[in-house]
Amino acid sequence: MSDSEEHHFESKADAGASKTYPQQAGTIRKNGYIVIKNRPCKVVEVSTSKTGKHGHAKCHFVAIDIFNGKKLEDIVPSSHNCDVPHVNRTEYQLIDISEDGFVSLLTENGNTKDDLRLPTDDTLLNPIKAGFAEGKDLVVTVMSAMGEEQICALKDIGPK
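Residues numbered from 1 in each chain as written. Predicted model: local features only at pLDDT ≥ 70, side-chain atom pairs only at ≥ 80, totals over all residues. Heavy atoms only, no water.

### Things to note about the sheet that holds strand β4 (residues 58-65)
Heads up, the rule is: In this scheme, strands are said to pair when DSSP sees at least two bridges between them. In this description a helix means any DSSP run of H or I spanning at least four residues, a strand means any run of E spanning at least two, and both kinds are numbered starting from the N terminus. Inter-axis angles, ranging from 0 to 180 degrees, are taken between N-to-C directions of lines fitted to C-alpha atoms, where helices are fitted over the stretch in contact.
The strand order across the open sheet built from 4 strands is β2-β3-β4-β5, with neighbouring strands paired in antiparallel fashion. Edge positions in the sheet fall to β2 (33-36) and β5 (71-77), since each of these pairs with one other strand and no more. On average, each strand axis in the sheet is inclined to that of its neighbour by 45°, with strand direction left out of account. As defined by bridge partners, strand β3 (residues 39-48) adjoins β4 across 7 bridges and the pair is classed as antiparallel. Each residue of the ladder has a partner; that of Glu45, found in β4, is Val62.

### What about the environment of His60?
Note the cut-off: With a 1.4 Å probe rolled over the protein chains alone, any residue whose accessible area is under 20% of its type maximum counts as buried; one over 50% counts as exposed, and the rest are partly exposed. Residue contacts are defined here by distance: any two heavy atoms, one from each residue, within 4.5 Å place the two residues in contact. Here a polar contact is recorded for every N or O atom pair within 3.5 Å, except that within protein the pair must consist of a potential hydrogen donor and a potential acceptor, and residues adjacent in sequence are included only if both atoms are side-chain atoms.
Residue placement: His60 occurs in strand β4. Accessibility expressed as a relative area gives 23% for His60, which makes it partly exposed. Along the primary structure His60 and Ile75 are separated by 15 residues, whereas in three dimensions their C-alpha atoms are 4.4 Å apart. If we ignore the near neighbours within four places in the chain, the residues touching His60 are Glu45, Val46, Ser47, Glu73, Asp74 and Ile75. Polar side-chain contacts of His60 include one of 2.7 Å to the side chain of Glu73.

### A closer look at a negative patch on the surface
Stated formally: Only residues whose relative accessible area exceeds 30% and that take part in no salt bridge are eligible for patches, with like-charged residues grouped when within 9 Å of each other and nonpolar side chains (Val, Leu, Ile, Met, Phe, Trp, Tyr) grouped when within 5 Å. Areas reported as accessible are Shrake-Rupley estimates using a 1.4 Å probe. Residue values count occlusion only from the protein chains shown. Whenever a carboxyl oxygen of Asp or Glu lies within 4 Å of a side-chain nitrogen of Lys or Arg, that contact is scored as a salt bridge. A residue counts as positive if it is Lys or Arg and as negative if it is Asp or Glu; His and the chain ends are not included. Here the site of a charge means atom NZ of a Lys, CZ of an Arg, CG of an Asp or CD of a Glu.
On the surface, Asp96, Glu99, Asp100 and Asp114 cluster together into a negatively charged patch. Assignment of secondary structure puts Asp96 in strand β7 (residues 88-97).

### Some points on helix α1 (residues 122-133)
We count it as follows: Given the number of residues in a helix, its expected span is that number minus one, multiplied by 1.5 Å. Throughout, the arc means that of the directions going from the helix axis to the C-beta atoms.
The terminal C-alpha atoms of α1, which comprises 12 residues, lie 16 Å apart, in line with the 16 Å expected from a rise of 1.5 Å per residue. Among the residues of α1, Leu124, Leu125, Ile128 and Gly131 are the ones counted as buried. For α1, the arc enclosing every buried residue in end-on projection is 150°, short of the 170-degree limit, so these residues lie on one face. Exposed residues on α1 whose side chains face more than 90 degrees from its buried face are Thr123 and Ala133. Once α1 finishes, Gly135 follows within two positions and takes phi at roughly 80°, a positive value.

### As for the side chain of Thr141
Positionally, Thr141 belongs in strand β10 (residues 136-145). Here Thr141 is in contact with Arg89, Thr90, Glu91, Gln150, Ile151, Cys152 and Ala153, once residues within four sequence places are set aside.

Dropping the structure here:
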């Protein structure tokens, strides 16, 4: 290949892009992310045991699933690699809420995104419904990881 050839890569490459990347278990810290039992999780506690007579130091992770809130635990030798999910947060403006519980969101490039459900927990669900009923301009934050997406935060940017 000659040096004159240029390669242009899209920054948001999803086609064939891995949903996770490897990271050494000993370098994962509290508030980081980790994959436990094929679920993307946020680490809430890390404890490291000392090495045994012949063994590895082990890391004990306590983490909470970022989508369903379940607590998961895992013990991994600190020298081994763990999967870490690519977690993205994107903000969209709320356009509409359908009767069947789906939201219509406005993306940055002006298209609509209609494949997302309302959150199930009432701490987010009630303010979204109330704010939308009042006609406020609402911006929702959507967290995506490992092919899943969910609304995780809400911002009121003022009346329409």
